[in-house]
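Residues per chain are reported as follows:
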Amino acid sequence: QVQLQESGGGLVQAGGSLMLSCAASGGTFSNYAMGWFRQAPGKEREFVGAITASGVGTFYADSVKGRFTISRDNAKNTLYLQMNRLKPEDTAVYYCARNTGRLITRDYDYWGQGTQVTVSS
């Protein structure tokens, strides 16, 4: 009964910032790497970044590297995505997902429902 719930999406002007949260319940959150994905209208789902179970390691897509930061608070069972210097091309529905292990891989088994991020020019 793993559930992931994203929040924090909204409308922001280009150059602005937004912080997304992903609250996890069920399972043992601290045992799993976590990832963020996004999907823009008419486009395929895109990997944004991920973080190891312990939070010590992260990996980002080139498109967001240097602008986005993933973190987690295992005591609160919560994953975060800090988005800075947002661009219109960042507009998408953002999803959090649970990796199948402690380290970052391409395999995810549970997904949230998504939260809309819209960046205006």
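Nothing here was measured: the structure is a model prediction, and the numbers come from that model. In this convention, every chain numbers its residues from 1, walking through the sequence in written order. Whole-chain, interface and lining totals are the exception, using all residues; otherwise, since this is a predicted model, local features are given only for residues with pLDDT of at least 70 and side-chain atom pairs are given and counted only at 80 or more. Derived side-chain values reflect all non-hydrogen atoms in the structure, with water molecules and hydrogen atoms excluded from consideration.

Novice: Let's hear about the environment of Gln82: which residues, and what values?
Specialist: Along the chain, Gln82 turns up in strand β8 (residues 78-83). Partly exposed residues are those whose accessible area sits between 20% and 50% of the maximum for their type, while under 20% is buried and over 50% is exposed, using a 1.4 Å probe and protein chains only. Using a relative accessible area of 25% as the deciding quantity, one classes Gln82 as partly exposed. In the structure, Gln82 is positioned 32 residues away from Gly114 in sequence and 16 Å away in space, judged by C-alpha atoms. Helix numbers and strand numbers start at the N terminus; a helix is a DSSP run of H or I with at least 4 residues, a strand a run of E with at least 2.

Novice: Describe unusual backbone geometry, naming the residues involved and giving the relevant values.
Specialist: If you check the backbone angles, Asn77 has positive phi at about 50 degrees while not being a glycine. Under the relative-accessibility criterion, Asn77 is labelled partly exposed at 31%. One non-glycine residue with positive phi stands out, namely Arg85, at about 50 degrees. Take Arg85: it is sitting in the loop between β8 and β9 (92-99).

Geometry only, nothing functional implied.
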